[in-house]
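For reference, the chains in residue letters:
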Amino acid sequence: FRRYLLISLTSCLFWHTFGFGAAVDSKPNILLFLADDLGIGDIGCYGNNSIRTPNIDGLAREGVKLTQHIAAASLCTPSRAAFLTGRYPIRSGMASSNRYRALQWNAGSGGLPANETTFARLLQQQGYTTGLIGKWHQGVNCEFFNDHCHHPLNHGFDYFYGMPLTLRNNCHKNKPPDLDAALQDKLWLYSQIITLAVLTLTAGKLTGLISIHWRIIACVTLVGGLFFISWYSSYGFVQYWNCILMRNHDVTEQPMRLERTAFLMLKEAISFIKRNRHGPFLLFVSFLHVHTPLFTTSKFLGKSSHGLYGDNVEEMDWMVGKILDLLDKEGLKNHTFTYFASDHGGHLEAWNGSAQLGGWNGIYKGGKGMGGWEGGIRVPGIFRWPGVLPAGTVIDEPTSLMDIYPTVVHLAGGILPQDRVIDGRNLLPLLQGRAQKSDHEFLFHYCGSYLHAVRWHQKDSGALWKAHFVTPVFHPPGAGACYGKKTCPCFGEGVTHHNPPLLFDLSRDPSEAKPLSADTEPLFDTVIRKIGRAIEEHRRTLTPVPEQLSVYNVVWKPWLQPCCGTFPFCWCDKEGDSAQIL
C-alpha cells in the first residue's frame, strides 16, 4: 500500500508540475539557440515571406511562439549578461554610463563578474554537462592574460568552443574597419600632422629657413613615434587581437578563418550532443550569425532574395536544422527542451552603400542600440518540448529573455539564488497553458545605465502601457534610426527627455505610432503615477556595483591579450582541415 501511495503521489506531482498525464523527463536535456542581431521580422513564423527559415518555423509549429518576448538590453554584452543571470544588467555592473556599451577587446578587463551565478552554474550543480558553442562576449581576463576570471569555464560551462568576443568588420580583410572607426580616423589625422611637422622642421633646418636644434626635432620625432605605436599596436592588429577562436582556455585560431567558422561551430555542437547523448546536458548554441560582416559560406551566397543578410539568415536556419536532425536521429527530440531567440533587435544602421546589412524588425519602431523602442528589444521567442508543451500555441503575453534563467533552473530541479534579486520568472506555467497571464507586471527598459522606458502590464484590463522618458534623436529627422552613426546614443545631445513621458498602449498601438496624452487618454495621469511608483520601488532594489564597462575596463591592455604564441607573435591555426562540410 505504501509503495502504491508513493507511486500515486509521484504521478500527481508530475501532473501538477507539467500539466500532462504522460510521463516526462524529470531532467530534460536543454538546448538554447541565441541568434545575434536577428530582427523579429526576419523569420517566416513571425511574418517574413521572403527569407526561408523552415527549421526555425518548424520549431514554432511543434511548440510555443511568444509574440512579446523582450530583451533586457538592446546591445549584445548587457543583453547576454541578463540572459545568463536572469537579472537586469545594471545589477551586475554590465550596464554602461559611457559610450562603450559593449565589450570592445578580448584584452579588456571588464566582464561578467565572478560573483554572478549563471544558469549554467546551477545546472552544473544538478548533474548537467554544460556546453557553450559560439559567441561569449562577456569578457576573458581580469589582471593577467591567463586568469580567465570572466571565461565561460569560470561561469558554469564544462566546455567552450567559440569566439570570446564578437564578429566585427575588422575580422574580414575586405571590409572597412568598424571598431572605433571615428576615433581611428582622428588618430590617423594626428599622426599625419605630427609626421608633416617633423618633415617640415627637418626641411627647414637643412635649408636654413628655420633655426632649430636637431635635439628638438629628435624629441618631436620620438613623441610622434611613441604616439603612433601607442594606438596602432592595438587598432592596427584588431584581426589578431579580437578575431580568435578558443577551445576551453586554449586559442585554436588566431586570426579566425571566417570561411570555415560556421562549419566548425556546427561540428562542435553536433559533437557535444553525441558525446553527451545519455544526458542530461545543457547546450547553449550562441550563433555568430547574423552580425556583420555577415560572412556566409559559398553554399548559401546569392541564394536568398534579401542579399547577403538573407543568405546569412538562411545559413543559420540550416545550422539549426542540422542540430535538430541530430536530436531526432539520436532519439532525443522528445527528451529535449529547445528554445530559440535573438539577443536584441536588428541593426538598422548597418549599411554598405545601398545594401542593407541589418535585420528587419517588422512593424516595430527602432532597432539595435535603442533602449526603449520595441524594434530594439522585441525578439523572436520559440519553445519546443514534444508531449509537454502544446504544439502550435501562440502566447501574446509580456515575457523576457531573463525568464530563461528560472525556467531552466526549475526544469533541472535546482533552486534559485536567495541572496540576490532575480528579475526573470518561470515560464513553464504560461507555456503549458496552466497560467493565462504573465508574471511580469512591470518591465524596465534601459539604454546602458539610463532608464529610457517602462512597460506596465495591466492584467485586469488587458492594457499594455509603455512610457518613454528618453528617446533617441533620429537622423535624419523621422528616419526611424540614427543613420551616420553606428547606433543611437543613450545620453547627451543625441537624446530627447520627455516630461511628461510619451505614453502608448501597445495592445492598441504596437508600432508606437500615436503617443497618448491627458486629452486623448482619461487614464493618462493614473498610468504615469503608477509607473512612477514602480520606478521608485525598482530603484530601491538596486545596489551599487563596479561598472564593468567603464572606459578603463573596456580599453585594450596588452598584458591581458589571449595569445596562442608568445606575445606579440600571436598567430596559429590548430584546426587544420578539420572543418568538413556536414
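Values in this document were obtained by computation on a predicted structure and should not be read as measured data.

### Focus: the sheet that holds strand β17 (residues 495–505)
Strands pair in a sheet through their backbones, by hydrogen bonds, and they do so in one of two ways: parallel or antiparallel.
So, step 1. What the 4 strands build is an open sheet, ordered β14-β15-β16-β17; its pairing is antiparallel. One side of each edge strand has no neighbouring strand; the edge strands of this open sheet are β14 (442–447) and β17. Taking each pair of neighbouring strands and ignoring which way they run, the sheet shows an average axis angle of 15 degrees.
So, step 2. Relative to strand β15 (residues 450–458), β14 is paired through 6 bridges, and the arrangement is antiparallel. Looking across to β15, one finds that Phe442 is bridged to Trp456.

### Thoughts on the side chain of Thr261
So, step 1. Along the chain, Thr261 falls in helix α9 (residues 258–275).
So, step 2. Excluding residues within four positions of it along the chain, Thr261 makes contact with Met256 and Leu288.

### Side note on the nonpolar core
So, step 1. Core analysis: the largest hydrophobic core is formed by 55 residues, its most contacted members being Phe33, Leu38, Leu283 and Phe340.
So, step 2. Each residue touching Leu283, except ones within four places of it in the same chain, is listed here: Ile30, Leu31, Leu32, Gly131, Ile133, Ala269, Phe272 and Ile273.
So, step 3. Among the nonpolar cores identified, the runner-up in size contains 47 residues, and Tyr128, Ile244, Tyr405 and Leu430 belong to it.

### Describing the domain arrangement of the protein
So, step 1. Along its sequence, the protein is organised into domain 1 (29–167 + 243–440 + 544–560) and domain 2 (181–237).
So, step 2. Computed over C-alpha atoms, the centres of domain 1 and domain 2 are 45 Å apart.
So, step 3. Taken residue by residue, the interface counts 4 residues in domain 1 and 4 residues in domain 2.
So, step 4. Between domain 1 and domain 2, the buried area comes to about 300 Å², and carbon and sulfur atoms account for 71% of it.
So, step 5. Here domain 1 and domain 2 share 0 salt bridges between them.
So, step 6. In this structure, the connection of domain 1 to domain 2 is made through 0 residue pairs in polar contact (both at pLDDT 80 or more).
So, step 7. Its residues assigned to classes, the side of domain 1 that touches domain 2 shows 3 nonpolar, no polar and 1 charged.

### Topic: the state of the cysteines
So, step 1. Per the stated rule, a full pass over the model turns up 6 disulfides.
So, step 2. Across the disulfide, Cys447 is cross-linked to Cys490 (sulfur-sulfur distance 2.0 Å). When the S-S torsion is -70 degrees, as for the bridge of Cys447 with Cys490, the disulfide is left-handed. Remark: Cys490 occurs in the loop between β16 (463–472) and β17 and Cys447 occurs in strand β14; sequence separation between them is 43 residues. Judged on exposure class, the residue Cys447 and its partner Cys490 are both buried.
So, step 3. The disulfide bridge from Cys482 ends at Cys488, spanning 1.9 Å between sulfur atoms. Note on the Cys482 and Cys488 pair: the S-S dihedral is about 105 degrees, so by sign convention the disulfide is right-handed.
So, step 4. Exposure remark for Cys482: the relative accessible area of 1% places this residue in the buried category.

### As for the UniProt feature "transmembrane region" (unreviewed entry) in the protein
So, step 1. UniProt feature "transmembrane region" (unreviewed entry): in the numbering of this structure it lies at residues 187–204 and 216–238.
So, step 2. Across residues 187–204, the secondary structure splits into 100% helix and 0% strand, with the terminal C-alpha atoms separated by 26 Å.
So, step 3. For residues 216–238, helix accounts for 91% and strand for 0%, while the C-alpha atoms at its two ends are 34 Å apart.

### A look at helix α7 (residues 214–235)
So, step 1. Compared with the 32 Å implied by 1.5 Å per residue over 22 residues, the 31 Å span of α7 between its first and last C-alpha is a close match.
So, step 2. Those residues of α7 lying buried are Ile217, Gly224, Trp231, Ser234 and Tyr235.
So, step 3. Its buried side turned inward, α7 meets α6 (181–207) and α8 (238–242).

### Structural notes on the environment of Tyr88
So, step 1. Inspection of the secondary structure assignment puts Tyr88 in the loop between α3 (76–85) and α4 (89–92).
So, step 2. Taking the C-alpha atoms as reference, Tyr88 lies 9.8 Å from Leu542; in sequence the two are 454 residues apart.

### So, the packing of α9 against helix α10 (residues 307–329)
So, step 1. In the contact formed by α9 and α10, the axes pass within 10 Å of each other and the chain directions differ by 15 degrees. On the basis of the axis angle, α9 is roughly parallel to α10. Here α9 runs over α10; the crossing is right-handed. Every residue of α10 that contacts α9 at Ala262, Phe263, Met265, Leu266, Ala269, Ile270, Ile273 and Lys274 is listed here: Glu315, Trp318, Met319, Lys322, Ile323, Leu326 and Leu327.
So, step 2. Residue composition of the contact of α9 with α10, by class: 12 nonpolar, no polar and 3 charged.

### Topic: the pattern of salt bridges
So, step 1. Under the criterion given, the structure shown has 25 salt bridges.
So, step 2. Two residues, Asp343 and Arg80, come together in a salt bridge whose shortest N-O distance is 3.1 Å. Of the two residues, Asp343 sits in the loop between β8 (336–342) and β9 (351–352) while Arg80 sits in helix α3, which places them 263 residues apart along the sequence.
So, step 3. Two residues, Glu575 and Arg247, come together in a salt bridge whose shortest N-O distance is 3.7 Å. Taken together, the positions of Glu575 in the segment after β18 (572–573) and Arg247 in strand β5 (residues 245–247) put the pair 328 residues apart, joining distant regions of the chain.
So, step 4. A single salt-bridge network, built from bridges that share partners, covers Glu253, Arg257, Glu259, Arg260 and Asp573.

Conventions and cut-offs
Residue numbers restart at each chain and count upward from 1, following the sequence in its written direction. Selection of residues for local features in this predicted model requires a pLDDT of at least 70, selection of side-chain atom pairs for listing and counting requires 80 or more, and totals for whole chains, interfaces and linings are taken over all residues. Excluded from the side-chain calculations are hydrogens and water; all other atoms, namely the structure's heavy atoms, are used. By this definition, two strands are paired if DSSP reports at least two bridges between them. Strands here are runs of E lasting at least two residues and helices are runs of H or I lasting at least four, both read from the DSSP assignment and numbered beginning at the N terminus. Every axis corresponds to a line fitted to the C-alpha atoms, with the helix fit spanning only the stretch in contact, and the corresponding angles, defined between N-to-C directions, vary from 0 to 180 degrees. Contacts were defined at the residue level, with two residues in contact if any of their heavy atoms lie within 4.5 Å. Nonpolar core, defined: a set of buried Ala, Val, Leu, Ile, Met, Phe, Trp, Tyr and Cys residues in which side-chain atoms within 4.5 Å join the residues together. Burial classes follow relative accessibility: with a 1.4 Å probe on protein chains only, a residue under 20% of its type's maximum area counts as buried, one over 50% as exposed, and anything between as partly exposed. Each domain span listed reflects an automatic or database assignment of domains. What gets called buried area is simply the loss in accessible area from a 1.4 Å probe that two parts show on being joined, summed for both. We define a salt bridge as a contact between a side-chain nitrogen of Lys or Arg and a carboxyl oxygen of Asp or Glu at a distance within 4 Å. N or O atoms closer than or at 3.5 Å make up a polar contact, with two conditions inside protein: a donor-capable atom paired with an acceptor-capable one, and, for residues adjacent in sequence, both atoms drawn from side chains. Residue type decides the class: Asp, Glu, Lys and Arg count as charged, Ala, Val, Leu, Ile, Met, Phe, Trp, Tyr, Cys and Pro as nonpolar, and the leftover types, Gly among them, as polar. The term disulfide is used for any two cysteine sulfur atoms that are within 2.5 Å. UniProt positions are given in the numbering used here, feature names are shortened, and annotations may be inferred rather than shown by experiment. A helix is expected to span 1.5 Å multiplied by its residue count minus one. Oblique is the label for any angle not covered by the other classes, which are roughly parallel (under 35 degrees), roughly antiparallel (over 145) and roughly perpendicular (65 to 115). Whether a crossing is left-handed or right-handed is set by the direction in which the near helix is turned from the far one by less than a right angle, anticlockwise for left-handed and clockwise for right-handed.

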